[in-house]
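As a plain string of letters, each chain reads:
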Amino acid sequence: MNRHRRQALGALGAAALGWPLAGRAQRSNRLVLGQSAAFSGPAAQLGIELNRGAKLCFDAFNAAGGLNGTTIEIQSLDDGYDPERCKANTARFLSDEVFALFGYVGTPTSLAALPLVKEGRTPFIAPFTGAMSLREPALRQVFHVRASYDDETALIVRQLTGLGLKRIAVFRQNDSYGQAGLDGVVKALKAQQLEPVAVGTVERNTVDVAAAVKAIVAGRPDAVVQISAYKSCAAFVRQARRAGYGGTFYNVSFVGTQALADELGKEAHGVMVSQVMPYPYTQSIPIVREYLELVRKAGGGLRPNYSGIEGYIGARVLIEGLKRARSISPDGLVGGLEALQNHSLGGFSVNFSAGNHVASRFVELSMLTENGGVRR
(Lines give C-alpha, C1' and ligand atoms only; values in the text may rest on other atoms or scores of the structure.)
Protein backbone atom coordinates (compact mmCIF):
# COMPACT_ATOMS: atom_id res chain seq x y z
CA MET A 1 0.00 0.00 0.00
CA ASN A 2 1.54 3.33 -1.00
CA ARG A 3 2.04 6.18 1.44
CA HIS A 4 -0.81 8.36 0.11
CA ARG A 5 -3.30 5.52 0.28
CA ARG A 6 -2.27 4.72 3.89
CA GLN A 7 -2.78 8.37 4.82
CA ALA A 8 -6.21 8.46 3.21
CA LEU A 9 -7.33 5.29 4.98
CA GLY A 10 -6.00 6.62 8.31
CA ALA A 11 -8.05 9.80 7.92
CA LEU A 12 -11.11 7.82 6.84
CA GLY A 13 -10.87 5.53 9.89
CA ALA A 14 -10.66 8.43 12.32
CA ALA A 15 -13.49 10.34 10.64
CA ALA A 16 -15.71 7.27 10.69
CA LEU A 17 -15.48 7.20 14.47
CA GLY A 18 -16.20 10.92 14.80
CA TRP A 19 -12.60 11.97 15.44
CA PRO A 20 -11.69 15.06 13.41
CA LEU A 21 -8.03 15.20 12.53
CA ALA A 22 -6.55 18.42 13.94
CA GLY A 23 -3.88 20.14 11.92
CA ARG A 24 -1.58 20.88 14.87
CA ALA A 25 1.31 18.41 14.76
CA GLN A 26 -0.89 16.04 12.79
CA ARG A 27 1.84 15.31 10.24
CA SER A 28 -0.20 13.32 7.71
CA ASN A 29 -1.29 10.48 10.00
CA ARG A 30 1.37 10.96 12.72
CA LEU A 31 1.06 12.60 16.11
CA VAL A 32 4.41 14.13 17.04
CA LEU A 33 5.42 14.43 20.71
CA GLY A 34 8.31 16.57 21.90
CA GLN A 35 10.63 15.31 24.65
CA SER A 36 13.40 17.39 26.17
CA ALA A 37 15.52 15.28 28.50
CA ALA A 38 19.07 14.51 29.56
CA PHE A 39 20.68 12.28 26.95
CA SER A 40 24.22 13.37 27.85
CA GLY A 41 26.04 14.34 31.03
CA PRO A 42 25.80 12.96 34.57
CA ALA A 43 22.02 12.37 34.38
CA ALA A 44 21.99 10.84 30.89
CA GLN A 45 20.76 7.39 31.89
CA LEU A 46 17.52 8.90 33.20
CA GLY A 47 16.56 10.35 29.82
CA ILE A 48 17.88 7.41 27.82
CA GLU A 49 15.99 4.77 29.79
CA LEU A 50 12.75 6.78 30.05
CA ASN A 51 12.82 7.30 26.29
CA ARG A 52 13.53 3.64 25.58
CA GLY A 53 10.60 2.53 27.72
CA ALA A 54 8.22 4.97 26.04
CA LYS A 55 9.41 3.99 22.55
CA LEU A 56 8.80 0.32 23.30
CA CYS A 57 5.17 1.20 23.97
CA PHE A 58 4.67 3.60 21.07
CA ASP A 59 6.43 1.32 18.59
CA ALA A 60 4.21 -1.62 19.58
CA PHE A 61 1.12 0.60 19.35
CA ASN A 62 2.13 1.81 15.89
CA ALA A 63 2.92 -1.71 14.67
CA ALA A 64 -0.61 -2.74 15.66
CA GLY A 65 -2.10 0.00 13.49
CA GLY A 66 -2.06 2.92 15.93
CA LEU A 67 -5.35 4.69 16.51
CA ASN A 68 -7.28 3.96 13.32
CA GLY A 69 -4.10 4.45 11.33
CA THR A 70 -2.79 7.42 13.31
CA THR A 71 0.63 6.67 14.82
CA ILE A 72 2.72 8.36 17.51
CA GLU A 73 6.30 9.56 17.14
CA ILE A 74 8.64 11.00 19.79
CA GLN A 75 11.07 13.69 18.73
CA SER A 76 13.72 13.99 21.43
CA LEU A 77 16.18 16.79 22.11
CA ASP A 78 19.04 16.63 24.60
CA ASP A 79 19.05 19.26 27.33
CA GLY A 80 21.83 17.74 29.45
CA TYR A 81 19.64 18.36 32.53
CA ASP A 82 20.15 22.10 32.03
CA PRO A 83 17.10 24.39 32.45
CA GLU A 84 18.11 26.93 29.79
CA ARG A 85 18.68 24.24 27.18
CA CYS A 86 15.35 22.69 28.12
CA LYS A 87 13.61 26.04 27.69
CA ALA A 88 15.17 26.47 24.23
CA ASN A 89 14.16 22.93 23.25
CA THR A 90 10.61 23.59 24.38
CA ALA A 91 10.42 26.81 22.35
CA ARG A 92 11.57 24.84 19.32
CA PHE A 93 8.93 22.14 19.88
CA LEU A 94 6.18 24.72 20.23
CA SER A 95 7.38 26.52 17.12
CA ASP A 96 7.10 23.20 15.31
CA GLU A 97 3.58 22.82 16.79
CA VAL A 98 4.11 19.42 18.37
CA PHE A 99 0.93 17.67 19.46
CA ALA A 100 2.05 17.37 23.10
CA LEU A 101 5.14 17.45 25.31
CA PHE A 102 5.98 14.14 26.95
CA GLY A 103 8.50 12.59 29.32
CA TYR A 104 10.53 15.62 30.37
CA VAL A 105 13.21 14.72 32.92
CA GLY A 106 13.74 16.76 36.09
CA THR A 107 12.28 19.50 38.24
CA PRO A 108 14.47 22.51 37.25
CA THR A 109 14.14 21.65 33.56
CA SER A 110 10.37 21.14 33.71
CA LEU A 111 9.94 24.38 35.66
CA ALA A 112 11.91 26.22 32.97
CA ALA A 113 9.51 24.86 30.34
CA LEU A 114 6.34 25.58 32.30
CA PRO A 115 5.78 29.24 31.27
CA LEU A 116 5.99 28.21 27.62
CA VAL A 117 3.64 25.29 28.26
CA LYS A 118 1.08 27.65 29.80
CA GLU A 119 1.41 30.17 27.00
CA GLY A 120 1.12 27.55 24.28
CA ARG A 121 -1.64 25.59 26.04
CA THR A 122 0.18 22.43 25.03
CA PRO A 123 -0.43 19.17 26.96
CA PHE A 124 2.55 18.33 29.18
CA ILE A 125 2.35 14.63 29.98
CA ALA A 126 4.22 12.38 32.43
CA PRO A 127 7.21 14.52 33.48
CA PHE A 128 9.84 12.53 35.40
CA THR A 129 9.58 14.63 38.58
CA GLY A 130 7.62 14.56 41.82
CA ALA A 131 7.99 18.23 42.75
CA MET A 132 4.95 19.92 44.27
CA SER A 133 5.89 23.15 42.44
CA LEU A 134 4.74 21.48 39.23
CA ARG A 135 1.53 20.21 40.82
CA GLU A 136 0.31 23.18 42.84
CA PRO A 137 -1.42 25.18 41.57
CA ALA A 138 -2.76 22.60 39.14
CA LEU A 139 -2.67 23.46 35.43
CA ARG A 140 -5.17 22.14 32.91
CA GLN A 141 -2.44 21.05 30.47
CA VAL A 142 -0.17 19.24 32.96
CA PHE A 143 -0.70 15.56 33.85
CA HIS A 144 1.44 13.64 36.33
CA VAL A 145 1.56 9.84 36.25
CA ARG A 146 3.83 9.36 39.29
CA ALA A 147 3.42 10.08 43.00
CA SER A 148 5.05 13.20 44.47
CA TYR A 149 8.31 13.64 46.37
CA ASP A 150 6.15 14.49 49.40
CA ASP A 151 4.62 11.01 49.10
CA GLU A 152 8.06 9.40 48.77
CA THR A 153 9.75 11.26 51.60
CA ALA A 154 6.75 10.69 53.90
CA LEU A 155 7.15 6.93 53.40
CA ILE A 156 10.91 7.12 54.00
CA VAL A 157 10.48 9.11 57.23
CA ARG A 158 7.75 6.73 58.45
CA GLN A 159 10.02 3.78 57.78
CA LEU A 160 12.98 5.32 59.62
CA THR A 161 11.11 6.64 62.64
CA GLY A 162 9.18 3.37 62.88
CA LEU A 163 12.57 1.69 63.34
CA GLY A 164 13.47 4.23 66.04
CA LEU A 165 15.88 6.13 63.78
CA LYS A 166 15.17 9.80 64.36
CA ARG A 167 18.46 11.51 63.56
CA ILE A 168 17.90 12.08 59.85
CA ALA A 169 20.09 14.19 57.54
CA VAL A 170 19.47 15.34 53.98
CA PHE A 171 21.95 15.39 51.10
CA ARG A 172 20.39 17.41 48.29
CA GLN A 173 21.01 18.93 44.92
CA ASN A 174 21.26 22.71 45.19
CA ASP A 175 18.26 23.54 42.99
CA SER A 176 14.47 23.25 42.84
CA TYR A 177 14.61 19.44 42.79
CA GLY A 178 16.75 19.26 45.91
CA GLN A 179 14.57 21.88 47.59
CA ALA A 180 11.41 19.91 46.75
CA GLY A 181 12.86 16.80 48.37
CA LEU A 182 14.10 18.70 51.40
CA ASP A 183 10.66 20.30 51.82
CA GLY A 184 9.10 16.84 51.82
CA VAL A 185 11.50 15.52 54.46
CA VAL A 186 11.04 18.60 56.66
CA LYS A 187 7.26 18.33 56.39
CA ALA A 188 7.29 14.64 57.34
CA LEU A 189 9.71 15.19 60.24
CA LYS A 190 7.78 18.21 61.53
CA ALA A 191 4.69 16.04 61.90
CA GLN A 192 6.71 14.08 64.47
CA GLN A 193 8.26 17.15 66.15
CA LEU A 194 11.61 16.44 64.49
CA GLU A 195 13.89 18.26 62.05
CA PRO A 196 16.94 17.31 59.97
CA VAL A 197 20.12 17.03 62.02
CA ALA A 198 22.21 18.21 59.05
CA VAL A 199 21.83 19.28 55.42
CA GLY A 200 24.53 19.15 52.74
CA THR A 201 24.33 20.26 49.11
CA VAL A 202 25.87 19.47 45.73
CA GLU A 203 25.61 21.52 42.55
CA ARG A 204 23.59 20.04 39.69
CA ASN A 205 25.64 17.98 37.19
CA THR A 206 28.67 17.80 39.50
CA VAL A 207 30.06 15.25 41.97
CA ASP A 208 31.84 17.68 44.28
CA VAL A 209 30.39 16.28 47.51
CA ALA A 210 33.30 16.78 49.97
CA ALA A 211 31.70 19.71 51.82
CA ALA A 212 28.37 17.90 52.06
CA VAL A 213 30.05 14.78 53.45
CA LYS A 214 31.86 16.84 56.10
CA ALA A 215 28.69 18.68 57.19
CA ILE A 216 26.49 15.59 57.32
CA VAL A 217 28.90 13.14 58.96
CA ALA A 218 29.51 15.73 61.69
CA GLY A 219 25.77 15.65 62.46
CA ARG A 220 25.99 11.92 63.38
CA PRO A 221 22.77 10.96 61.57
CA ASP A 222 21.18 7.52 61.77
CA ALA A 223 20.26 7.83 58.09
CA VAL A 224 20.76 10.17 55.15
CA VAL A 225 17.97 10.94 52.68
CA GLN A 226 19.50 11.73 49.29
CA ILE A 227 17.77 14.07 46.83
CA SER A 228 20.08 14.21 43.83
CA ALA A 229 20.98 12.37 40.61
CA TYR A 230 22.76 9.03 40.54
CA LYS A 231 26.39 10.12 40.01
CA SER A 232 26.44 12.62 42.90
CA CYS A 233 24.51 10.23 45.16
CA ALA A 234 26.99 7.44 44.43
CA ALA A 235 29.90 9.80 45.11
CA PHE A 236 28.33 10.82 48.41
CA VAL A 237 27.79 7.20 49.53
CA ARG A 238 31.40 6.29 48.77
CA GLN A 239 32.96 9.33 50.41
CA ALA A 240 30.69 9.23 53.48
CA ARG A 241 31.61 5.59 54.09
CA ARG A 242 35.30 6.40 53.71
CA ALA A 243 34.79 9.17 56.28
CA GLY A 244 33.57 6.52 58.73
CA TYR A 245 29.81 6.90 58.33
CA GLY A 246 28.03 3.62 59.02
CA GLY A 247 24.37 4.62 58.71
CA THR A 248 21.78 3.97 56.02
CA PHE A 249 21.24 5.81 52.74
CA TYR A 250 17.75 6.44 51.33
CA ASN A 251 17.06 7.87 47.87
CA VAL A 252 13.93 9.07 46.11
CA SER A 253 13.00 7.48 42.79
CA PHE A 254 14.42 10.22 40.56
CA VAL A 255 17.92 9.04 41.45
CA GLY A 256 17.63 6.38 38.73
CA THR A 257 17.67 3.03 40.51
CA GLN A 258 19.60 0.94 38.00
CA ALA A 259 21.95 3.80 37.19
CA LEU A 260 22.77 4.18 40.91
CA ALA A 261 23.30 0.44 41.27
CA ASP A 262 25.62 0.44 38.26
CA GLU A 263 27.59 3.41 39.62
CA LEU A 264 28.06 1.84 43.05
CA GLY A 265 28.70 -1.76 42.03
CA LYS A 266 29.21 -3.91 45.13
CA GLU A 267 29.00 -0.79 47.30
CA ALA A 268 25.28 -0.58 46.44
CA HIS A 269 24.41 -3.27 48.97
CA GLY A 270 21.85 -2.00 51.47
CA VAL A 271 21.17 1.37 49.80
CA MET A 272 17.43 2.10 49.79
CA VAL A 273 15.34 3.72 47.06
CA SER A 274 11.67 4.70 47.20
CA GLN A 275 9.75 3.72 44.06
CA VAL A 276 6.64 5.14 42.39
CA MET A 277 6.34 2.48 39.67
CA PRO A 278 5.60 -1.24 39.96
CA TYR A 279 8.54 -3.63 40.40
CA PRO A 280 9.83 -3.98 36.81
CA TYR A 281 11.11 -7.56 37.08
CA THR A 282 7.96 -9.50 37.97
CA GLN A 283 5.61 -11.51 35.76
CA SER A 284 2.76 -11.20 38.27
CA ILE A 285 1.61 -7.69 37.19
CA PRO A 286 0.04 -7.56 33.70
CA ILE A 287 1.50 -4.20 32.61
CA VAL A 288 4.97 -5.27 33.77
CA ARG A 289 4.55 -8.54 31.89
CA GLU A 290 3.77 -6.54 28.71
CA TYR A 291 6.83 -4.38 29.26
CA LEU A 292 9.13 -7.34 29.90
CA GLU A 293 7.95 -9.10 26.75
CA LEU A 294 8.72 -6.02 24.65
CA VAL A 295 12.14 -5.70 26.31
CA ARG A 296 12.81 -9.34 25.45
CA LYS A 297 11.74 -8.89 21.83
CA ALA A 298 13.79 -5.71 21.45
CA GLY A 299 17.01 -7.50 22.42
CA GLY A 300 20.18 -5.51 21.83
CA GLY A 301 21.19 -5.63 25.48
CA LEU A 302 18.11 -3.70 26.62
CA ARG A 303 17.49 -4.30 30.35
CA PRO A 304 14.28 -3.79 32.31
CA ASN A 305 14.53 -1.08 34.96
CA TYR A 306 12.42 1.43 36.88
CA SER A 307 13.12 4.37 34.55
CA GLY A 308 12.18 2.24 31.55
CA ILE A 309 8.87 1.10 32.96
CA GLU A 310 8.05 4.68 33.95
CA GLY A 311 8.45 5.68 30.31
CA TYR A 312 6.37 2.68 29.24
CA ILE A 313 3.53 3.43 31.66
CA GLY A 314 3.57 7.13 30.78
CA ALA A 315 3.19 6.18 27.12
CA ARG A 316 0.36 3.77 27.90
CA VAL A 317 -1.45 6.49 29.84
CA LEU A 318 -1.14 8.91 26.91
CA ILE A 319 -2.51 6.27 24.51
CA GLU A 320 -5.46 5.52 26.80
CA GLY A 321 -6.21 9.24 26.93
CA LEU A 322 -6.21 9.41 23.12
CA LYS A 323 -8.59 6.47 22.91
CA ARG A 324 -11.08 8.40 25.05
CA ALA A 325 -10.58 11.73 23.30
CA ARG A 326 -13.52 13.26 21.45
CA SER A 327 -11.11 14.63 18.87
CA ILE A 328 -7.51 13.96 17.99
CA SER A 329 -6.39 17.35 19.20
CA PRO A 330 -4.54 18.72 22.23
CA ASP A 331 -7.84 19.69 23.89
CA GLY A 332 -9.24 16.29 23.03
CA LEU A 333 -6.25 14.62 24.71
CA VAL A 334 -6.81 16.67 27.89
CA GLY A 335 -10.44 15.57 28.01
CA GLY A 336 -9.52 11.97 27.28
CA LEU A 337 -6.98 11.86 30.10
CA GLU A 338 -9.48 13.41 32.52
CA ALA A 339 -11.81 10.53 31.63
CA LEU A 340 -9.29 8.01 33.02
CA GLN A 341 -10.97 7.74 36.41
CA ASN A 342 -10.30 4.77 38.70
CA HIS A 343 -8.77 2.96 35.75
CA SER A 344 -6.60 -0.13 36.15
CA LEU A 345 -3.84 -0.03 33.58
CA GLY A 346 -2.77 -3.65 33.74
CA GLY A 347 -2.61 -3.55 37.53
CA PHE A 348 -1.31 0.02 37.87
CA SER A 349 -4.07 2.30 39.10
CA VAL A 350 -4.65 5.58 37.22
CA ASN A 351 -7.12 8.09 38.61
CA PHE A 352 -7.42 11.42 36.79
CA SER A 353 -10.41 13.76 36.76
CA ALA A 354 -11.17 17.36 35.79
CA GLY A 355 -10.04 18.41 39.27
CA ASN A 356 -7.13 15.98 39.67
CA HIS A 357 -4.20 15.65 37.29
CA VAL A 358 -2.07 13.35 39.47
CA ALA A 359 -2.76 9.76 38.44
CA SER A 360 -1.12 7.86 41.29
CA ARG A 361 0.13 8.08 44.85
CA PHE A 362 1.66 4.61 44.81
CA VAL A 363 4.99 4.42 46.70
CA GLU A 364 7.01 1.50 48.02
CA LEU A 365 10.58 0.91 49.18
CA SER A 366 13.28 -1.15 47.49
CA MET A 367 16.85 -2.11 48.39
CA LEU A 368 19.89 -2.40 46.13
CA THR A 369 22.02 -5.54 46.26
CA GLU A 370 25.74 -5.97 45.78
CA ASN A 371 25.25 -7.78 42.44
CA GLY A 372 23.46 -4.84 40.79
CA GLY A 373 19.96 -6.09 41.54
CA VAL A 374 16.97 -4.55 43.30
CA ARG A 375 14.83 -6.20 45.99
CA ARG A 376 11.44 -5.13 47.28
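Residues numbered from 1 in each chain as written. Predicted model: local features only at pLDDT ≥ 70, side-chain atom pairs only at ≥ 80, totals over all residues. Heavy atoms only, no water.

## Focus on unusual backbone geometry
To keep things clear, this is the line we draw: Only DSSP runs of H or I covering at least 4 residues are called helices, and only runs of E covering at least 2 are called strands; the numbering of each starts at the N terminus. To sort residues, take the accessible area from a 1.4 Å probe on protein chains only and compare it with the maximum for the residue type: under 20% means buried, over 50% means exposed, and anything in between is partly exposed.
For the bond running from Glu 136 to Pro 137, omega is -5°, close enough to zero to count as cis. For Pro 137, the position within the fold is in the loop between strand E5 (124-125) and strand E6 (142-143). One non-glycine residue with positive phi stands out, namely Arg 121, at about 50°. Unlike most non-glycine residues, Asn 205 shows phi in positive territory, near 65°. Counting through the fold element by element, Asn 205 comes out in the loop between strand E8 (199-202) and helix H7 (210-218). For Asn 205, a relative accessible area of 31% puts it in the partly exposed group.

## Considering the side chain of Thr 90
Cut-off, in case you're wondering: Should any heavy atoms of two residues lie within 4.5 Å, those residues are considered in contact.
Position of Thr 90 among the secondary structure elements: in helix H3 (residues 83-95). The exposure class assigned to Thr 90 is buried, which follows from its relative accessible area of 0%. Ignoring any residue separated from it by four or fewer positions in sequence, one finds Thr 90 in contact with Leu 101, Tyr 104, Ala 113 and Leu 116.

## A short note on the sheet that holds E8
Where we set the bar: Pairing between strands is defined by DSSP: at least two bridges between the two strands are required. As a rule, the C-alpha atoms of each element are fitted with a line to give its axis, helices using only the stretch in contact, and angles between N-to-C directions run from 0 to 180 degrees.
Strands sit in the order E8-E7-E9-E10-E11-E14-E15 across an open sheet of 7 strands; the sheet is mixed. Whereas interior strands pair on both sides, the edge strands pair on one side only; in this sheet they are E8 and strand E15 (374-375). Pairing between strand E7 (residues 168-173) and E8: 4 bridges, direction parallel. Along E8, the bridge assignment pairs Gln 173 with Val 202. Strand contacts of helix H8 (residues 230-242): E7, E8, strand E9 (223-227) and strand E10 (248-251), with the helix running at about 170° to E10, the strand carrying the most contacts.

## As for the side chain of Thr 369
Put simply, the test is: Within 3.5 Å is the distance limit for a polar contact, defined as a pair of N or O atoms, with the added protein rule that one can donate a hydrogen and the other accept it, and that residues adjacent in sequence qualify only through two side-chain atoms.
Tracing the sequence through the fold places Thr 369 in the loop between strand E14 (364-368) and E15. A relative accessible area of 10% means that Thr 369 is categorised as buried. In this structure the side chain of Thr 369 is engaged in a polar contact, spanning 2.4 Å, whose partner is the side chain of Asn 371. Within the structure, the side chain of Thr 369 is placed 3.0 Å from the backbone nitrogen of Gly 373, a separation counted as a polar contact. Those residues in contact with Thr 369 that sit more than four places away from it in its chain are Gly 265, Ala 268, His 269, Val 374 and Arg 375.

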